[in-house]
Amino acid sequence: MSGALKLAVVGHTNVGKTSLLRTLTRDSGFGEVSARPSTTRDVQGARILVDGEAVLELFDTPGMEDPIGVLAMIERVGSRRSDGIERIRAWLDAPAQRVAHEQEAKVIEQVLRSDAALYIIDSRDPVLAKHRDELQLLALCAVPVLPVLNFLRDPRSEEQPWLDVLARAGLHAVMRFDSVAPERDAEARLMGGLATLLQRHEQSLERLVQARARDAERRRQVAWRLVAEALVDVAGLRVETVVEDAAVIRRDEARFRQAVCDREQKLVDDLLACYRFNLDAVEADELPLQNGSWEVDAFDTAALGLLSARLGGGAAAGAAAGVGIDLAVGGMTLGAAALTGALLGGSAQTARHYGRKLLQRWQGKQSLRVDQAVLLHMQMRARKLVEALELRGHGAVQPFRLDREIPGRSRIVLPAPLRRASRHPEWSPDSESRQHAIDLLAEHLSEHAD
Ligand SMILES: Nc1nc2c(ncn2[C@@H]2O[C@H](COP(=O)(O)OP(=O)(O)O)[C@@H](O)[C@H]2O)c(=O)[nH]1
Ligand SMILES: [Mg+2]
């Protein structure tokens, strides 16, 4: 026997029971969620572990479709003196009676096997007789019931009529939990609500809340690090090309774009894995993230037009928007004469910095790299994605849309570690300087997160 708290998740069909379970278990593959009624036909369980120990056992139940009919039958069985639970048992024990209500019987049996029931409510629904009867049925089971209002973000959601009817049924502690987009502390409050009903489980529920908070913090850190790594990678990405040859540069440019898109896609995949979102659970054609790249291409020229702090001469050399030529470092347009001047007049460091490029130029070779605007765009989208994943419940089935992000014309500055990374394509994956830049950038991103 496990000491885990057993919770039956009950309510009318389509109120979001399975969605709530997905969100609580962080498992978007749990059960079946559908806008069609009655997709859950049998009781299905899930365990939540803390340090390997089951703390919570949740049971998803089929919706009660005819609580009115069940209640009418239950009222007919047993003597006038028998209490609720005796009547319920008498009804369950009479097979002839329950044939017509096999589904409701499964629900009630699960409630009787549980320590408490979460009664899920679609707060958009008007309060009807069936809801009152459902509440009455639950009251007969003599198990603590915690009502949970769902669909709170919907404009049609109305809480007050529900609070009234729940109060009349003796239920004064009511939870608010939107299973698709829960508020940040909704889960902790739900566990707190359970703890007041079930003192015996107070400590383990508290452990669960703390473990989840630690997880969330760790996950955020990993997420920002993943973003920082991807940005540093793309900043240092170089593809050599021959600018004088239009066909060659077109080919190299395509190769270059692909490399940037692939790296961005890898970031998306990594972030989804980090937040345990499983794309396979969703229809492929609904998810713009699943087919290759993001909806807005990193090289979207309209966006870049607004974003771009144009680098000088590079673009003129024939490369498309978004691709600067490496020689235009720091916004300088360097003709051969200027280059030579910089080389002659500059410090030894300048000479080292431009020396290799100068040599390549003389050999007719140059390298392609992303310009600042692309990095900024990528940074903004990654930020958007992380923030969306932070708030997304695992019950959500709609793909999130990442709209194009175009800031105003204000001066935008790349974070310093990213600027440094773009000057150092030679950093090897495990070089200390690269790791340091990633650390600093991750810290910067996390500090500037909402
Ligand atoms: N917008 C929104 N949709 C929800 C919410 N909870 C459930 N849904 C949707 O409502 C439908 C029914 O949900 P489901 O979990 O299958 O309900 P169940 O029959 O009670 O298990 C699905 O289309 C869900 O995506 C919510 O909190 N907000
Ligand atoms: Mg269901």
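Our structure's up above, just so we're on the same page.
Given the structure is predicted, the values throughout are model-derived calculations rather than measurements.

Undergrad: What exactly am I supposed to notice about the overall build of the chain here?
TA: Helix and strand counts for the chain stand at 17 helices and 9 strands. Across the 450 residues of the chain, 35% fall into the buried class. Here the analysis covers contacts within the chain between residues at least 6 apart in sequence; of these, 73% occur between residues at least 24 apart.

Undergrad: Looking at this structure, how should I read helix α2 (residues 67-76)?
TA: Think of an α-helix as 3.6 residues a turn; residues three or four steps apart then line up on the same face. Inspection of α2 places P67, V70, L71 and I74 among the buried residues, and these make up the whole buried set. For α2, the angular spread of the buried residues around the axis is 95°, confining them to a single face. Across from the buried face of α2, at angles greater than 90 degrees, the exposed residues are A72 and R76. Next to the buried residues of α2 lie α3 (84-92), α5 (102-113) and α6 (129-140).

Undergrad: Can you help me understand the nonpolar core in this one?
TA: Nonpolar side chains in soluble globular proteins generally cluster together in the buried interior. Judged by nonpolar contacts, the single largest core of 46 residues is most densely connected at V9, Y119 and V148. Contacts of Y119, omitting those with residues within four sequence positions, involve V10, G11, L138, V145, L146, P147 and V148. Counting residues in each nonpolar core, the second largest holds 34 residues, with V234, L375, L376 and A382 among its members.

Undergrad: Which parts of the structure should I look at to understand the site of ligand 1?
TA: In the vicinity of ligand 1, 20 residues are found, and the nearest of them are G16, K17, T18, S19 and V180. With 3 residues, the single largest contributor to the shell around ligand 1 is helix α1 (residues 17-25). Within the shell around ligand 1, the residues separate by chemical class into 6 nonpolar, 12 polar and 2 charged.

Undergrad: Teacher, can you tell me more about the environment of A169 here?
TA: By the secondary structure assignment, A169 is in the loop between α7 (160-168) and β6 (175-176). Accessibility expressed as a C-beta count within 10 Å gives 18 for A169, which makes it partly exposed. Note: C-alpha distance between A169 and A139 (30 residues apart in sequence) is 8.1 Å. Sequence-distant contacts of A169, defined by excluding residues within four places in its chain, comprise L135 and A139.

Undergrad: Can you walk me through unusual backbone geometry in this structure?
TA: Trans peptide bonds make up the majority, and among non-glycine residues the majority have a negative phi. We note that F151 has phi near 60°; this positive angle belongs to a residue other than glycine. Mapped onto the fold, F151 is located in the loop between β5 (145-150) and α7. Positive phi values are uncommon outside glycine, yet R276 reaches one of about 60°. Position of R276 among the secondary structure elements: in the loop between α10 (246-274) and α11 (301-307).

Undergrad: I tried to follow the sheet that holds β5 on my own but got confused; where do I start?
TA: Hydrogen bonds between backbone groups are what pair the strands of a sheet, and the pairing can be parallel or antiparallel. Spatial strand order, β2-β3-β1-β4-β5-β6: 6 strands in an open sheet with mixed pairing. Of all the strands in the sheet, just β2 (44-50) and β6 have a single pairing partner and so form its edges. α1 contacts β1 (5-11), β2, β3 (53-60), β4 (116-122) and β5 of the sheet and is inclined by roughly 165° relative to β3. Each of β1, β3 and β4 touches α5; the most contacted strand, β1, lies at about 150° to it.

Undergrad: Can you walk me through the pairing of β2 in this structure?
TA: Sheet topology places β2 next to β3; 7 bridges connect them, and they run antiparallel. Residue pairing across strands places I48 opposite L56, the latter belonging to β3. Between β2 and β3, which follow one another and run antiparallel, lie 2 residues, and D51 among them has a positive phi close to 50°.

Undergrad: Help me understand the packing of helix α9 (residues 202-235) against α10, please; the structure alone is not making it clear to me.
TA: If you want to describe how two helices pack, look at the angle between their axes and the distance between the axes. α10 packs onto α9 with a crossing angle of 175° between their chain directions and a minimal axis gap of 10 Å. Between α9 and α10, the crossing angle belongs to the class labelled roughly antiparallel. Mapping the contact onto sequence places R219, V222, A223, L226, V227, A230, D233 and V234 in α9 and V260, R263, E264, L267, D270, L271 and C274 in α10.

Undergrad: I tried to follow α10 on my own but got confused; where do I start?
TA: Look at α10: 42 Å from first C-alpha to last across 29 residues, which is about the 42 Å you get at 1.5 Å a residue. One or two steps after α10, the chain reaches R276, where phi turns positive at roughly 60°.

Analysis parameters
Residues numbered from 1 in each chain as written. Chains lettered and ligands numbered in written order. Predicted model: local features only at pLDDT ≥ 70, side-chain atom pairs only at ≥ 80, totals over all residues. Helix = DSSP H or I, 4+ residues; strand = E, 2+ residues; numbered from the N terminus. Buried ≥ 20, exposed ≤ 12 C-beta atoms within 10 Å, placed from the backbone. Contact = placed C-beta atoms within 7 Å. Arc of directions from axis to C-beta. Core = buried A, V, L, I, M, F, W, Y, C linked by C-beta atoms within 7 Å. Near = placed C-beta within 6 Å. Nonpolar A, V, L, I, M, F, W, Y, C, P; charged D, E, K, R; others polar. Pairing = 2+ DSSP bridges. Axes fitted to C-alpha atoms, helices over the stretch in contact; angles between N-to-C directions. Parallel < 35°, antiparallel > 145°, perpendicular 65-115°, else oblique. Expected span 1.5 Å × (residues − 1).

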